[in-house]
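Listed here are the chains, written in short residue letters.
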Amino acid sequence: MTTAGSLMNNLLGLLRIRIKRGVNLAVRDINSSDPYVVVKMGKQKLKTRVINKDVNPEWNEDLTLSVTDPTLTVLLTVYDHDMFSKDDKMGDAEFEIKPYIEALKMHLDGLPSGTIVTTVQPCRRNCLAEESKVTWVDGKLVQDLVLRLRHVECGEVEAQLQWIDLPGSKGL
């Protein structure tokens with residue numbers, strides 16, 4: 001069997017993470033920062049573009065991860081891009097995709113757009129700044145996240161999860 005074949009056998013689908021924006025991010029340069037976000041899950045690592053001199057950046061960028069294990073967490077780290085030195089860390093946040101995957105497994109169809117399927121409460125184990133709702137919107141299940149960054153004096157990142165079914169993958 002080919003590696004691509006075995007990957008498809010284990011692949012549940014794709015998780016699209018829309019990195020919407022950063023709010024009140026830490027200042028790491030003279031009076032601002034040049035932030036970008038790195039998303040890691042398992043061995044996968046993706047990053048957004050750098051937004052110059054903005055502690056409230058609007059990325060609105062989609063990063064797509066292959067999901068083979070729904071128990072993995074996603075680590076999101078914000079960095080300040082520096083021209084001549086190592087990029088500074090501006091905090092990180094971790095979140096579980098399991099509640100979202102569990103909601104997807106309910107195979108909901110025909111719900112009115114805007115129906116809240118499940119809600120994840122902020123707690124010590126997650127980095128949620130407020131409750132996170134999994135909502136049925138226009139025939140798709142999306143989860144909105146407001147993540148409070150750890151290991152930094154301030155800052156939040158807003159993101160949204162969306163699932164992409166892949167033909168030929170194992171599926172949920």
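Being a predicted model, the structure only gives us computed values, none of them experimental.

Colleague: Looking at this model, I keep getting lost on the overall build of the protein. Mind explaining?
Modeller: Counting its regular elements, the protein contains two helices and ten strands. The globule rule puts the C-alpha radius of gyration for 172 residues at 16 Å, and the 17 Å found for the protein is close to it. Counting only C-alpha atoms and orienting by the principal axes, one finds that the protein spans roughly 50 × 40 × 30 Å. Residues classed as buried in the protein amount to 42% of the 172 residues present.

Colleague: I tried to follow the side chain of Ser-32 on my own but got confused; where do I start?
Modeller: Positionally, Ser-32 belongs in the loop between strand 1 (13-23) and strand 2 (35-41). Leaving out residues up to four positions away in the same chain, Ser-32 has contacts with Val-27, Lys-53, Asp-54 and Val-55.

Colleague: Hey, could you run me through the sheet that holds strand 3 (residues 44-47) in this one?
Modeller: Strand pairing in a sheet relies on backbone hydrogen bonds. The paired strands run either parallel or antiparallel. Spatial strand order, 3-2-5-6: four strands in an open sheet with antiparallel pairing. For this open sheet the edge positions go to strand 3 and strand 6 (88-96), each flanked by a neighbour on one side alone. Here the average twist between neighbouring strands, direction ignored, is 20 degrees. One ladder, built from four bridges, connects strand 2 with strand 3; its direction is antiparallel. Bridge assignment links Val-38 to a residue of strand 3, and that residue is Lys-47.

Colleague: I keep staring at the sheet that holds strand 1 and nothing clicks. Help me out?
Modeller: In spatial order, the strands read 4-1-10-9-8-7; together these six strands make up an open sheet with antiparallel pairing. Both outer strands of the open sheet, strand 4 (58-67) and strand 7 (115-120), are each paired with one neighbouring strand and no more. Adjacent strand axes in the sheet meet at a mean angle of 20 degrees when their direction is disregarded. Pairing between strand 8 (residues 132-137) and strand 9 (residues 140-148): four bridges, direction antiparallel. Residue Trp-136 lies in a different strand from strand 9, and its bridge partner there is Leu-141.

Colleague: Please explain the environment of Val-137 as it appears in this structure.
Modeller: By the element assignment, Val-137 lies in strand 8. Spatially, the C-alpha atoms of Val-137 and Pro-112 are 7.9 Å apart, while their sequence positions differ by 25 residues. Those residues in contact with Val-137 that lie beyond four places of it in its chain are Ser-113, Gly-114 and Val-142.

Colleague: What should I look at first to understand the side chain of Thr-135 in this one?
Modeller: Locating Thr-135 in the fold gives a position in strand 8. In this view, Thr-135 contacts Gly-114, Thr-115, Ile-116, Lys-140, Leu-141 and Val-142; residues no more than four positions away in its chain are not counted.

The rules we used
- Residues numbered from 1 in each chain as written.
- Predicted model: local features only at pLDDT ≥ 70, side-chain atom pairs only at ≥ 80, totals over all residues.
- Heavy atoms only, no water.
- Helix = DSSP H or I, 4+ residues; strand = E, 2+ residues; numbered from the N terminus.
- Rg over C-alpha atoms; globule rule 2.2 N^0.38 Å.
- Buried < 20%, exposed > 50% of the residue type's maximum accessible area, 1.4 Å probe, protein only.
- Contact = heavy atoms within 4.5 Å.
- Pairing = 2+ DSSP bridges.
- Axes fitted to C-alpha atoms, helices over the stretch in contact; angles between N-to-C directions.

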